[in-house]
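So the chains spell out like this:
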Amino acid sequence: MITFKDVTKTYPDGTTALKSINLSVNEGELLTLIGPSGCGKTTTMKMINRLIEPTDGEVFIHNKNIKEYNIHELRWNIGYVLQEIALFPHMTIEENISIVPEMKKWDKKDLSNRIDELMSMVGLDPSKHRKRKPSELSGGQQQRVGVLRALAGDPDIILMDEPFSALDPISREQLQKDILSLHKKIKKTIVFVTHDIDEAMAMGDRVCLMQEGEIVQVDKPQQLILHPANDFVESFIGERKSPWQTAVDVIIDQTNKHVFSSQQYEEKSIPDQEAYVVKHSDGSMAFGVYNGKKVDMPVIEHGKTLAEAMEDFNQVNYPLLPVTRNHSVIGTLSYKDMVLHLQKQMKTNDEVTRP
């Protein structure tokens, strides 16, 4: 989808912001860019819509060099969300959202339907908010409108440049959840720059960690934790992550000793155990069994944090719960798994801090 080939950026004062980077962003992926201040993450992102041009190397979208695109058409097909929301204060919410579609000469009825659809997706009632001005909305609501404006023209790519860093923690956490939910629905390719490691790990299908203009490691969040490429990656992630923020698929039991097929259940060929999970032939969750009885077990999405999974456990009295990815059961998470992980983290922290 998006490919960087040997891209270097050197500014006139001699500062090299990027050093021959190679990076691919998959179609429909949410990639987060993270690293210390000045590492080159924002420069990398701004090259995608040609706000910054490379000194050397090439950037491709759909295998076509971005320099071959008409620059206006290129940017119309790339949504851009900034930390500074930059809504036009004299325009209503619907007018702010309509800017790019009107440039693309959208039919008015289609545009009106698009506005209703988008606003409903992020919990903004169109009947209440379409005619309001930005000053009548909270900071979190304004940032939602900023996201909708980027999505309005139905672009293939969305660039998000530290979009939530100016918000209070509650608004920020809610918007993170909103974007993840929206991403599942619309399947756009999103490149998301952040300075917050927890945000990068929670949001990204993959995380690109940069240092001094170079890419150090690009990987799934759990792989960055389990298999850091070097000491920099380990310290950058380890110093900032609470064990409760670990993604559940880092610690789940994938041996299938607590997961069985519906056929095994019907044939009564399951070893005796207190709790287990039964799945359909397509891998999706069928039901849970606890003390010999069928039960409705909550399903934990693989990207949830340990803290979020604990909320699911608090709703029931079962010792384990199923974990799914794309509706397929990939393993189970138990109280024991969580306790062992927390004990391991405490032991590691003690060893690090021990004189």
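Treat the numbers as computed from the prediction; the structure is a model and nothing was measured.

If you trace the six strands from one edge of the open sheet to the other, you get 6-7-8-3-9-10, paired in mixed fashion. Of all the strands in the sheet, just strand 6 (78-82) and strand 10 (214-219) have a single pairing partner and so form its edges. Averaged over neighbouring strand pairs, the angle between their axes works out to 15 degrees when direction is ignored. The pairing of strand 3 (residues 30-34) with strand 9 (residues 206-211) spans four bridges and is parallel. The residue bridging Leu-31 from the neighbouring strand is Arg-206, located in strand 9.

Our focus in this paragraph is unusual backbone geometry. Its identity as a non-glycine residue notwithstanding, Asp-154 has a phi of 55 degrees, on the positive side. Among the structural elements, Asp-154 can be located in the loop between helix 7 (139-151) and strand 7 (157-161). Of note in this structure, Glu-212 is not a glycine but carries a positive phi near 50 degrees. On the accessibility criterion, Glu-212 (56% relative accessible area) is exposed.

With that out of the way, let us pick up the sheet that holds strand 13 (residues 285-290). What the four strands build is an open sheet, ordered 11-12-13-14; its pairing is mixed. Of all strands in the sheet, those bounded by a partner on one side alone are strand 11 (259-261) and strand 14 (293-295). Averaged over all pairs of adjacent strands, the angle between strand axes in this sheet comes to 35 degrees, irrespective of strand direction. Relative to strand 13, strand 12 (residues 275-279) is paired through five bridges, and the arrangement is antiparallel. Residue pairing in the sheet places Lys-279 in a bridge with Met-285 of strand 13.

About the cut-offs
- Residues numbered from 1 in each chain as written.
- Predicted model: local features only at pLDDT ≥ 70, side-chain atom pairs only at ≥ 80, totals over all residues.
- Heavy atoms only, no water.
- Pairing = 2+ DSSP bridges.
- Helix = DSSP H or I, 4+ residues; strand = E, 2+ residues; numbered from the N terminus.
- Axes fitted to C-alpha atoms, helices over the stretch in contact; angles between N-to-C directions.
- Buried < 20%, exposed > 50% of the residue type's maximum accessible area, 1.4 Å probe, protein only.

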